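Each chain, letter by letter, is given below.
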Amino acid sequence: MDKLLIRGGPKLHGEVQISGAKNAALPEMCATLLTDEPVHLLNVPRLQDVATMRKLLGNMGVQTETHGERGGMSFVAANPIHPEAPYELVKTMRASVLALGPLLARFGRAKVSLPGGCAIGSRPVDQHIKGLQAMGATIEVEHGYMVASLPAGRTRLKGARIATDMVTVTGTENFLMAATLAEGETVLENAAQEPEIADLAEMLIRMGAKIEGHGASKIRIQGVERLHGCTHPVVADRIEAGTFLCAAAATGGDVVLRHARADHLDAVIEKLRDAGATVEAGRNAEGNFIRVRATGRLKAQSFRTTEYPGFPTDMQAQFMALNCISQGASKVTETIFENRFMHVNELVRLGAHIQIDGKVSVIEGVEKLSGATVMATDLRASASLVIAGLVAEGETVVDRIYHLDRGYDQMETKLRGIGADIERVKS
C-alpha cells in the first residue's frame, strides 16, 4: 500500500495546473449513457474513481477511449447496453448511483448496486428513489441493489415536480439526467446549486437537452425524444484548487493556480483573506487563475459547513489543518456529514490541539506541528494530513493514500513542482 513521505518546512512557490473536477467528470461520464452517439470529454482528471467509472461503463457495454494531452476521453453507448452496475465495481465509489437516472431514461430499466465510497456518514438514496418514482419508475431495493423499471406499456419516464426533503447533489444530477428524455416538463425544487451541476447541465444542453435555471435552486427541464453526441470540457476542480490555496497559505508561500475559478470558491477565499492571506484572481491569455500569498502566522478562522454557495464540507478538513498552526482559537461546525471529523485524531498525533463536541471542533492554534506517521481515513482527510505534513517539523508519513488517489490528480507531483519535499513510497 503506497504512502507519502513529507519533509516539512519548504514554502510553496510557483505555478500549479488545476485538473478537471472529479465531481463533474463522474456524472458527465454517466450522462454519456443518454445517447448512442459519440461523446467526447476534455480535461478529465486521472483519478482512481474515474478509472472505476470507466470500468463500470465498459462492463455495461460502453466503448471508451482516452486520447490527447488534455485529458480527453471518448464514449460510445451504442446498443447493446447491459444496464447493470454490479457491487464488485462500485463498492468503493458512491457515484455509482448516478447511473440509475440515465439508464432508466434511455432503456427503461436498471439494476444498480447501493453505493459505497468514503466512510464519512450516511448518504441515503431514498431521495433518488422517491424522485424517480415520481417520474413513473418502479423501484425496489433487494439484495443490496436498486432494481428499477417502467410500468408495462410505458417507454419513457414522465415529467414531474420533484421537491427533495434535503438538498442532494447526486439526487439533483440523477433527476436532471433522467428528465432530459422524459415526457413533458420536470421541475426540480430545492435543487443543489454546486458548479458541477451547472457544468453537467451545460453538457446536456450541448447534447440537445432543454434546461433552464441550472445553478439556482429551481431547475426546469423540457424532455426531448433523443439526445446527440457532443464535445465538452470538464470544469476545473474547485476542491483541488481550495486544497492548494490552503497548502500555499499554510507554508507562507506564493502560488498561482492555473485554470482555477475564484467565483466557485468565494466562501473559502473570504476566510483566507480574513486569516491574513492575499488572494488575487483574474483571467489572462492562458485562462482563469488565482494567486495566493501569505507571510507570517495567519489568524485562525471559525466557519460552518453548508450547501453551496456556503463553505464546502469538502474543504473542512483542509482549512482545519490551516487553523491548527494559525494564531488564536477557532470553531469548525460540520453540518453536512455526521462522521467527518475522523482526521482530528491524526492531526492531534502531529501536535495539534483539537477538542470535539458533537458537530463542533474547537482548535487552539499552535506555533508548530511535529512529524509523525498518520493514517488517512477518507479523501479530504488525506489532503488535510498532507497540508499538516508540509508545515510539520521533521518527517511525516501519510499511510493509506489510496483515498487521496480517488480525488486528486497526481497531488504529490504537483506539490513537488512548487517546492514541496514529498515523495511516494511503495510498500
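Residues numbered from 1 in each chain as written. Predicted model: local features only at pLDDT ≥ 70, side-chain atom pairs only at ≥ 80, totals over all residues. Heavy atoms only, no water.

**Here we look at the nonpolar core**
Next, step 1: Judged by nonpolar contacts, the single largest core of 74 residues is most densely connected at Leu176 and Leu204.
Next, step 2: With sequence-adjacent residues up to four places away left out, Leu204 is seen in contact with Ala31, Leu34, Leu176, Met177, Thr180, Ala209 and Ile211.
Next, step 3: Val16, Ala247, Leu385 and Ala392 belong to the second-largest nonpolar core, a separate cluster that totals 70 residues. (Core = buried A, V, L, I, M, F, W, Y, C linked by side-chain atoms within 4.5 Å. Buried < 20%, exposed > 50% of the residue type's maximum accessible area, 1.4 Å probe, protein only. Contact = heavy atoms within 4.5 Å.)

**Considerations on the side chain of Thr35**
Next, step 1: Within the element layout of this structure, Thr35 appears in the loop between helix 1 (22-31) and strand 3 (39-42).
Next, step 2: Judged by relative accessible area, which is 1%, Thr35 ranks as buried.
Next, step 3: A distance of 2.9 Å separates the side chain of Thr35 from the backbone oxygen of Leu227, its partner in a polar contact.
Next, step 4: Once residues within four sequence positions are removed from consideration, Thr35 is found in contact with Ala77, Arg106, Met207, Leu227, His228 and Gly229. (Helix = DSSP H or I, 4+ residues; strand = E, 2+ residues; numbered from the N terminus. Polar contact = N/O pair within 3.5 Å; in protein donor to acceptor, adjacent residues only side chain to side chain.)

**Things to note about the environment of Glu395**
Next, step 1: Examined against the element boundaries, Glu395 turns out to sit in strand 23 (residues 395-399).
Next, step 2: A sequence separation of 15 residues divides Glu395 from Arg380, and the C-alpha atoms of the two residues are 21 Å apart.
Next, step 3: There is a polar contact of 3.3 Å between the side chain of Glu395 and the side chain of Arg7.

**Focus on helix 4 (residues 100-107)**
Next, step 1: Across the eight residues that make up helix 4, a large majority, seven, are buried.
Next, step 2: Gly108, located one to two residues past helix 4, shows a positive phi value of around 80°.

**With respect to the side chain of Thr377**
Next, step 1: Checked against the element boundaries, Thr377 lands in the loop between strand 22 (373-375) and helix 12 (379-391).
Next, step 2: Once residues lying within four places of it in the same chain are set aside, the contact partners of Thr377 are Met342, His343 and His403.

Shape descriptors only; they carry no functional weight alone.
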